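Understanding the architecture of this molecule
Below are the chains, spelled out letter by letter.
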Amino acid sequence: MEERFVIPRRFRNTSLIFISIGVLAFLAGLFGLHGDVGVKRFWSVLVFDSLFFLYISAASLFLYCAASLAQASWHIAYKRVIEAIMVNIPVFAIIAFIVLMAVLIGHKYFIYPWTDPQVLAHDTIVAGKTPFLNVKLFVIFTVIIMLGWSLLSLKLRQISLQEDRAERGVRRFLWKTIFFSAVFIAFYAVTISVSSWHWLMSIAARWYSTMYGWYVFAGSFISLMAIISLFVIAIKNSGQLSLVNKEHLHDLGKFIFAFSIFWTYIWFAQYFLLWYGNIPLESQYFRPQLWGHYRFWFLLDLVINFAVPFLLLMTRDAKRNYTTVTIIALIVFFGHWLDFYLMVMPTVLPTQGVVGWYEIGITLGFVGLMIGLVSRALSRAPLYPVNHPYLKEAIIHKSDWG
Amino acid sequence: MLHYESTVREPLVNGNKDYHQVTEDIISPIEKKPGKLWWIALGFAVTMLLFGVWSVFWETYWGIGVWGENRTVGWAWDITNFVWWVGIGHAGTLISAILLLFRQGWRTGVNRAAEAMTIFAVLCAGQFPVWHMGRVWLAFFILPYPNSRGPLWVNFNSPLLWDVFAVSTYLTVSILFWYSGLIPDVATIRDRAKKKFAKFFYGLCSFGWRGTAKEWQRLEALGLLLAGLSTPLVLSVHSVVSMDFATSVIPGWHETIFPPYFVAGAIFSGFAMVQTLLILTRKILHLEEYVTLGHIEAMNKIIMLTGGIVAMAYITELFIAWYSNVVYEQGAFWWRILGPYWWAYIILITCNVVSPQLFWFKKLRRNIPFTFVMSIVVNIGMWFERFVIIVLSLYHDYMPSAWVYYSPRWPEVGFYIGTFGLFFTCYLLFAKYFPVIAVWEIRSVLKTSGENYKQKMAALEQKDTEEFLQEVQHEHALAAH
């Protein structure tokens, strides 16, 4: 039971290669992307990619807390994978913080138009938002949110590791986890919305949507489920994580399936109500996507985030098949990356955005970082929460009624 | 098959029970004559229902003009009550479908009553749009079919029509779900029945159920299938209801957050109503061992969660109204909070946001009188939420010259009271003649979660994890042979 995670060489190599690609893309972008379009591309990709990975890490803390509060046992067999993702919140928070501060300090007005004195002088709508959209409040909220997420992730990880060292049958840690989980969920409910308004929605400074926080949450949560599935399957392929079997995989498949539908529901509700109301201030947001330059990506986003998981993961057998789940998790992960891309690029570059070497390169860099960080975190603790009161339930867990 | 559940979890069935005792406890109240309390309650319910019938008759005879609505506030109590009742009707399907998919064992104690409650609530809700038509004899116009009225068709672009589809689909699936689960239990009553009529009646209702392996297999497959179908319905019904408002361009209505916000509110109020009913039912029918404090606490947690989501939605809509910098959006919320209806908004916030925070305390979550009071407070709050959204977004519209104040008149109030009568009449009849707890579903969790069975699990709990794992693998190997 005291299984230790040995980082497979493939993990290490992939991680290093991807990080190198990321660094190369970054350097090439820094020196090679010139002109109005080049600079905009350089920064907006950094913004949405760093936020995408930060939101995914935060979503894993959300999953951890939600499952703890619900006193779930289905995830206990790979609880350490979830933990290994969530403890990286500080790293991705620091990266995102540096990027955001560079954007603000470097006066990159094309990302946050509300920092541009010229926009504020002419656009009364944007100018009226300055009590919320101002650099000072932006920085304060960003620091509070990132610190809050980071500290709570470390605290919960600490409790989990303490339990490993304690005697079996001690329930103190279970209740402690529940307490801090409740604190985080309440904090997250507020901060997922506020952060998404500041970091992402304010890029389209004139536009607004009450659904936005939900939308960011749904996208990051489903990406997280894809990442967990990929890690679990990859670790299993390396001959470890023996407690995990098809029953647990089935759960992950169900989550990808169900939350893909949930994401589509949120997407549709937001899009549809803006379309139906057809108020120019609101519907202009979708113009570059629906009728303009981004039409292909816009439609692809829907197909791969809804149609693919919906049709291919419908059956029981598909959810219990390692290959199918791997392929769909990869597609869905790309799909939600694309979705984050579409949250930023059509506003910053309405007619010139591409998905090219730079976008792919930076993203691979983040993926490599994620693989490296998760492997490292996994290797630092037993692969199972050996003293968790629900571990035995996870062992006999059955995902279906058959 | 190894029956094991962590001893951290409290039992779902208290007391020393076996299969027979479960049947005895739940079925025997049906076989007795109803008590005095039941007759009194039924008398009250029928009186309210009759008053509702009279109110509706009055409205139909004289026309919608007898209600308090006017040119500015064209929608008021009637639609408020519709949304309120539909919302309440969400808990049943959430419990029976979503909690089934999430494999929450505690749903077995409450699902039957909640499903029945759902159906009755949706029936009550359905009354409002129908009688609001005024010329109710033309109600069939809302059904799309090739007709002799020339090009006069329903408007497929109207969310009101989608509502007709959404609610009727929901009602159909809920009834199927509820009734298919009821069949084995009805057959049990039939088998125990002594009187000839009871035997005939329950025999008819049980569709000839014999309890063969094939029948059970099909019932469970059907349950899963219906759960899969009704899970999206839980979300879609109130989403469509919210679109009655959100597709418009009326400030305070036109918000993208409306669909999930309405769904969360619906579950919030639905669970509150389940609490109200079950706290009374468990007491009157002595079912405290089946609807335990654990069940009540679990439902209070859901009330807390959905209450939190709703609270966050209130904050979001308020913030975004300001943030939008659209003067009409800002105006709508200004008049909502500071206008002559300020008290409605205060009630809403007190009942829905402030008071549920008390559930952060475990002691209060497990306190029955407190839960009972809260369950009613929450539903008052949820009624005011709809009132605030509907009336308070309309009464000060784009044109200040059209601003009005709205008050209901007696036929509107009477109609609302009448639906309470309908609801409680149905529930009382159900609770008397059908098992309020699903006997066969309780049996299915008894061996893992019954108190007496759980005591035997201490040995498994003590066992080393490694040893436990080997035992499980050994059993799997045996099963494979």
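Procedures and definitions
- Residues numbered from 1 in each chain as written.
- Chains lettered and ligands numbered in written order.
- Predicted model: local features only at pLDDT ≥ 70, side-chain atom pairs only at ≥ 80, totals over all residues.
- Heavy atoms only, no water.
- UniProt positions renumbered as here; feature names shortened; annotations may be inferred.
- Helix = DSSP H or I, 4+ residues; strand = E, 2+ residues; numbered from the N terminus.
- Rg over C-alpha atoms; globule rule 2.2 N^0.38 Å.
- Buried < 20%, exposed > 50% of the residue type's maximum accessible area, 1.4 Å probe, protein only.
- Areas by Shrake-Rupley, 256 points an atom, 1.4 Å probe, with all protein chains shown as cover.
- Lys, Arg positive; Asp, Glu negative; His and termini not counted.
- Charge placed at Lys NZ, Arg CZ, Asp CG, Glu CD.
- Contact = heavy atoms within 4.5 Å.
- Buried area = accessible area lost by both parts, 1.4 Å probe.
- Salt bridge = Lys/Arg side-chain N within 4 Å of Asp/Glu carboxyl O.
- Polar contact = N/O pair within 3.5 Å; in protein donor to acceptor, adjacent residues only side chain to side chain.
- Nonpolar A, V, L, I, M, F, W, Y, C, P; charged D, E, K, R; others polar.
- Patch = residues over 30% accessible without salt bridge, like charges linked within 9 Å, V, L, I, M, F, W, Y side chains within 5 Å.
- Axes fitted to C-alpha atoms, helices over the stretch in contact; angles between N-to-C directions.
- Left-handed = near helix turned anticlockwise from the far one by under 90°.
- Core = buried A, V, L, I, M, F, W, Y, C linked by side-chain atoms within 4.5 Å.
- Parallel < 35°, antiparallel > 145°, perpendicular 65-115°, else oblique.
- Phe/Tyr/Trp six-rings, centres within 6.5 Å; stacked < 30°, edge-to-face > 60°.

Naming follows an unreviewed UniProt entry, where chain B appears as Prokaryotic molybdopterin-containing oxidoreductase family, membrane subunit of Thermoflavifilum thermophilum. UniProt, in the comment section headed Subcellular location (unreviewed entry), describes chain B in these words: "Cell membrane". Taken verbatim from the UniProt record of chain B, the Sequence similarities (unreviewed entry) comment is "Belongs to the NrfD family."

Chain A goes by Quinol:cytochrome c oxidoreductase quinone-binding subunit 2 in an unreviewed UniProt entry, where it is assigned to Thermoflavifilum thermophilum.

In terms of helices and strands, chain A carries 17 helices and 0 strands. Over its C-alpha trace chain A gives a radius of gyration of 21 Å, about what one expects of a compact globule, namely 21 Å for 402 residues. Residues classed as buried in chain A amount to 61% of the 402 residues present. Within the structure as shown, chain A displays about 14700 Å² of accessible surface, and the carbon and sulfur contribution to it stands at 69%. Positive and negative charge centroids in chain A, built from 31 and 19 side chains respectively, lie 5 Å apart.

Take the interface of chain A and chain B next. Tallying the contact residues gives 57 residues for chain A and 53 residues for chain B. Both sides together, the interface formed by chain A and chain B hides about 4700 Å², and carbon and sulfur atoms give 68% of it. Along the contact surface separating chain A from chain B lie 1 salt bridge. Applying the counting rule to chain A against chain B returns 20 residue pairs in polar contact (both at pLDDT 80 or more). Looking at the side of chain A that touches chain B, the elements that each hand over two or more residues are α6 (124–127), α8 (172–199), α10 (246–277), α11 (280–283) and α17 (391–395) of chain A. When residues in the side of chain A that touches chain B are grouped by element, the largest group, 11 residues, is from α10 of chain A. Partitioned by chemical class, the residues of the side of chain A that touches chain B number 38 nonpolar, 11 polar and 8 charged.

Take a nonpolar patch on the surface next. Residue and element names in this part refer to chain B. Together, Phe 51, Trp 54, Phe 57, Tyr 61, Trp 62 and Trp 410 give the surface a local cluster of nonpolar side chains, amounting to about 730 Å² of exposed area. With 5 residues, helix α2 (residues 36–62) is the single largest residue contributor to the nonpolar patch. Take Trp 410: it is sitting in helix α15 (residues 410–433). Residue classification places Trp 410 among the partly exposed residues on the basis of a relative accessible area of 39%.

With that settled, the discussion passes to the packing of helix α1 (residues 19–31) of chain B against helix α16 (residues 439–449) of chain B. Residues and elements named next belong to chain B. Contact geometry of α1 with α16 gives a least axis separation of 10 Å together with a crossing angle of 145 degrees. In this structure, the crossing between α1 and α16 has a hand that is right-handed. Contacts between α1 and α16 involve Tyr 19, Val 22, Thr 23, Ile 26 and Ile 27 from the former and Val 439, Ile 442, Arg 443, Leu 446 and Lys 447 from the latter.

Now for the pattern of salt bridges. This structure, assessed with the given rule, holds 27 salt bridges over all chains. Residues joined in a network through salt bridges with shared partners are Lys 79, Arg 80, Glu 83, Arg 157 and Asp 164 of chain A.

To continue, consider the environment of Val 310 of chain B. All names here are of chain B. Here Val 310 is to be found in helix α10 (residues 293–323). Along the sequence, Val 310 and Tyr 406 sit 96 residues apart, while their C-alpha atoms lie 26 Å from each other. Here Val 310 is in contact with Tyr 261, Ala 264, Gly 265 and Glu 385, once residues within four sequence places are set aside.

Soluble globular proteins tend to bury their nonpolar side chains together. Grouped together as the largest cluster of nonpolar side chains are 282 residues, with contacts concentrated most on Tyr 78, Tyr 112, Trp 199 and Leu 200 of chain A together with Trp 85 of chain B. Considering every element that reaches this core, the biggest residue donor is helix α2 (residues 35–69) of chain A, with 20 residues. If sequence neighbours within four positions are ignored, Tyr 78 of chain A has contacts with Ile 228, Val 232, Leu 241, Val 244, His 248, Asp 251 and Leu 252 of chain A. Core analysis: the second largest hydrophobic core is formed by 5 residues, Ile 183, Trp 209, Leu 219 and Trp 440 of chain B among them.

All names here are of chain B. Their axes nearest at 8 Å, the elements helix α8 (residues 213–246) and helix α9 (residues 258–284) cross at an angle of 120 degrees. Considering the angle they form, α8 stands oblique to α9. Of the two elements, α8 crosses α9, and the hand of that crossing is right-handed. Side by side, α8 and α9 meet where Val 234, Leu 235, His 238, Ser 239, Val 241, Ser 242, Met 243, Phe 245 and Ala 246 of the first sit next to Phe 258, Pro 259, Phe 262, Val 263 and Ala 266 of the second.

Per the stated rule, a full pass over the model turns up 118 aromatic pairs over all chains. Ring geometry for Phe 62 of chain A and Phe 217 of chain A: centres 5.0 Å apart, planes at 75 degrees, overall edge-to-face. In this pair, Phe 62 of chain A sits in helix α2 while Phe 217 of chain A sits in helix α9 (residues 212–237), placing the two residues 155 residues apart along the sequence. The same class applies to Phe 62 of chain A and to Phe 217 of chain A, which are both buried. Aromatic side chains Phe 258 of chain B and Phe 262 of chain B sit 4.9 Å apart centroid to centroid with 35 degrees between the ring planes, which places their arrangement in the tilted category. Of the two residues, Phe 258 of chain B and Phe 262 of chain B are both situated in helix α9; the distance of 4 residues between them amounts to about one turn of the helix.

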